[in-house]
Amino acid sequence: MLVLTGAVFTVSLLVTCVSALKVGVAKVDATLPVGVPLAGYNYAQRRVPHWPIVQETKYTTWMMPSKGHLDPTWVKALIIDTGDTQSCFVTLDAIGSDGTLVQLAYNMAAAEGFKIPFENVAIFGSHTHSGPGAITPEMLWAVAPAMDLLVPEIQTMLATSIANAMLQAAANLQDGSVGIGISQLKGVTENRRAGVSPYLSKDDIDPNLGVIAVDDVDGKPLVTVWNYAIHGTCWGPDQMLSNGDIMGGVNGVLETMNSGVAMFINGDAGDIAPTDDTCSGMPQYSGAPVIAKAVMSARSDLKMSQNVSMKVASQVVSFGETNGNLTLARVENCTKGGPIDICSLCRVVSCALCVGREGS
């Protein structure tokens, strides 16, 4: 059994030999306009110079507008239909998939005839730190500022692309086969808390690499889904061009290796970051072919089947109070100037100012 986990949404997929299978896939360019804030960092070039004093542009309030695109923002959808059960997996090059965005996209697709139940749809943000912001109403992330204030126009654009990918995948259903497995990959990630926490070393990572392979009836790869714990932080806060970071780089390499459409679902990334060697040479990323080779090796070992049974279970889990720890060692955000001198503030509060709110 392979368990795929999102921030507050979990889908468990069990495959055994029972009945015929249909699969559908779609890939949609969801690139948003230049000027949309980039979500993921709340300091340096990403933040307005004198935060929390606003500096409004068409799409930004507390963050600076993006200056262009290094990569397209891709939305990809995979539908698996056993005849008895249907599920839809959607991936997008973004910091996350907010619940309001998911509901909006689903409502759009349903209005156009999408039949899969909402509970059987899982939408995953890759967790690139250089994807679009202004797509969630969650105030904590807006004022941090790590996402900036919601811009309904931008959220609607992205939701439309998600809905279109879902609808196209449904229209592309065909006979196929599927294989699922887990291998391990080490040496491309490290724990970024090593040297900060006395309890962690760089090797404290999650090495599990989950792979779902989908082929057509002739054995031609249609989709390769890979599930791995890694932050999209090769690019830092001075990068003002939207991009998919290391995960997008790996997907690009995979799609040149006969993977079909490459889809990434993040694991429990926590403080697991790409190593410097993995990021070197970006935007080519020296680690991208290393990870892609491991994914394709795992794929080649899978037993493909055209006869599957699938059980889908979903639950929205309340995480309780959100605790935002503003420790400088975590965010490397010791800045001077402006109405809030973070360095002086943290000397007073020992760099452990926490704020909280109820959320899920």
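Residues numbered from 1 in each chain as written. Predicted model: local features only at pLDDT ≥ 70, side-chain atom pairs only at ≥ 80, totals over all residues. Heavy atoms only, no water.

Attention now moves to the overall build of the chain. Along its length, the chain carries 8 helices and 20 strands. Taking all 360 residues of the chain together, the buried fraction comes to 49%. Sequence separation of 24 or more characterises 78% of the internal contacts of the chain that already satisfy a separation of 6 or more. Working note: accessible area of the chain is about 15900 Å², and carbon and sulfur atoms make up 54% of it. (Helix = DSSP H or I, 4+ residues; strand = E, 2+ residues; numbered from the N terminus. Buried < 20%, exposed > 50% of the residue type's maximum accessible area, 1.4 Å probe, protein only. Contact = heavy atoms within 4.5 Å. Areas by Shrake-Rupley, 256 points an atom, 1.4 Å probe, with all protein chains shown as cover.)

Let us now look at the packing of helix H1 (residues 99-111) against helix H3 (residues 152-171). Relative orientation of the contacting elements H1 and H3 amounts to 50 degrees, with a least axis distance of 8 Å. Classified by the interaxial angle, the pair formed by H1 and H3 is oblique. Crossing hand, H1 versus H3: right-handed. Taking contact as the criterion, the partners of Thr100, Leu101, Leu104, Ala105, Tyr106, Met108 and Ala109 in H1 are, on H3, Gln155, Thr156, Leu158, Ala159, Thr160, Ile162, Ala163, Met166 and Leu167. Classifying every residue of the contact of H1 with H3 by side-chain character gives 12 nonpolar, 4 polar and no charged. (Axes fitted to C-alpha atoms, helices over the stretch in contact; angles between N-to-C directions. Parallel < 35°, antiparallel > 145°, perpendicular 65-115°, else oblique. Left-handed = near helix turned anticlockwise from the far one by under 90°. Nonpolar A, V, L, I, M, F, W, Y, C, P; charged D, E, K, R; others polar.)

Take the pattern of salt bridges next. Two side chains carrying opposite charge are able to pair once their charged atoms lie near each other. Scanning the entire structure with this criterion turns up 6 salt bridges. A salt bridge links Glu255 to Lys76, with the shortest nitrogen-to-oxygen separation between them at 3.2 Å. With Glu255 in the loop between helix H4 (245-254) and strand E16 (261-266) and Lys76 in strand E7 (residues 74-81), this residue pair connects regions lying 179 residues apart in the sequence. Given a relative accessible area of 4%, Lys76 falls into the buried group. Salt-bridge contacts for Asp215 lead to Arg299; the nearest nitrogen and oxygen are separated by 2.8 Å. Highlighted residues: Asp215 in strand E13 (residues 208-216) and Arg299 in helix H6 (residues 287-300), separated in sequence by 84 residues. Residue class for Asp215 comes out buried when judged on its relative accessible area of 7%. Classification of Arg299 as buried rests on a relative accessible area of 9%. Overlapping salt bridges, with partners in common, bring together Lys27, Lys76 and Glu255 in one network. (Salt bridge = Lys/Arg side-chain N within 4 Å of Asp/Glu carboxyl O.)

Before going further, it helps to examine the packing of aromatic side chains. Taken as a whole and assessed by the stated rule, the structure comprises 4 aromatic pairs. For the pair Tyr41 and Tyr43, a centre-to-centre distance of 6.0 Å together with 90 degrees between the ring planes defines the contact as edge-to-face. No difference in accessibility class separates Tyr41 from Tyr43, as the two residues are buried. Every member of this aromatic cluster is reached through a ring pair, and the members are Tyr106, Phe114 and Phe118. Between Lys27 and the ring centre of Trp74, over which it is positioned, the NZ or CZ distance is 4.3 Å. (Phe/Tyr/Trp six-rings, centres within 6.5 Å; stacked < 30°, edge-to-face > 60°. Lys NZ or Arg CZ within 6 Å of the ring centre and 35° of its normal.)

Right, let's talk about the pairing of E13 for a bit. Taking burial as the measure, the 9 residues of E13 include 8 buried ones, the bulk of the element. As paired elements, strand E11 (residues 174-184) and E13 share 9 bridges and run antiparallel to each other. Residue pairing across strands places Ser177 opposite Asp215, the latter belonging to E13. In the sheet, E13 pairs with strand E14 (residues 221-228) via 6 bridges, with the strands oriented antiparallel. (Pairing = 2+ DSSP bridges.)

For the rest of this paragraph, the subject is the nonpolar core. Core analysis: the biggest nonpolar cluster contains 36 residues, and Phe114, Ile162 and Met166 have the highest contact counts within it. Broken down by secondary-structure element, the contributors of at least two residues to this core are strand E4 (22-29), E7, strand E8 (86-92), H1, strand E9 (121-125) and H3. No other element matches H3, which puts 8 residues into this core. Other than its neighbours up to four places away in sequence, Phe114 contacts Ile79, Cys88, Tyr106, Ala109, Val121, Met166, Leu167 and Ala170. (Core = buried A, V, L, I, M, F, W, Y, C linked by side-chain atoms within 4.5 Å.)

Burial analysis of E16 places 6 of its 6 residues in the buried class, which makes it a mostly covered element. Along E16, one buried face is formed by Val261, Met263 and Ile265 and the opposite face, lined by Ala262, Phe264 and Asn266, is buried too. Sheet analysis places E14 next to E16, joined by 6 bridges and oriented parallel. Across the sheet, the residue bridging to Trp226 is Phe264, located in E16.

Time to look at the side chain of Asn251. When you line up the elements, Asn251 lands in helix H4. Residue class for Asn251 comes out buried when judged on its relative accessible area of 6%.

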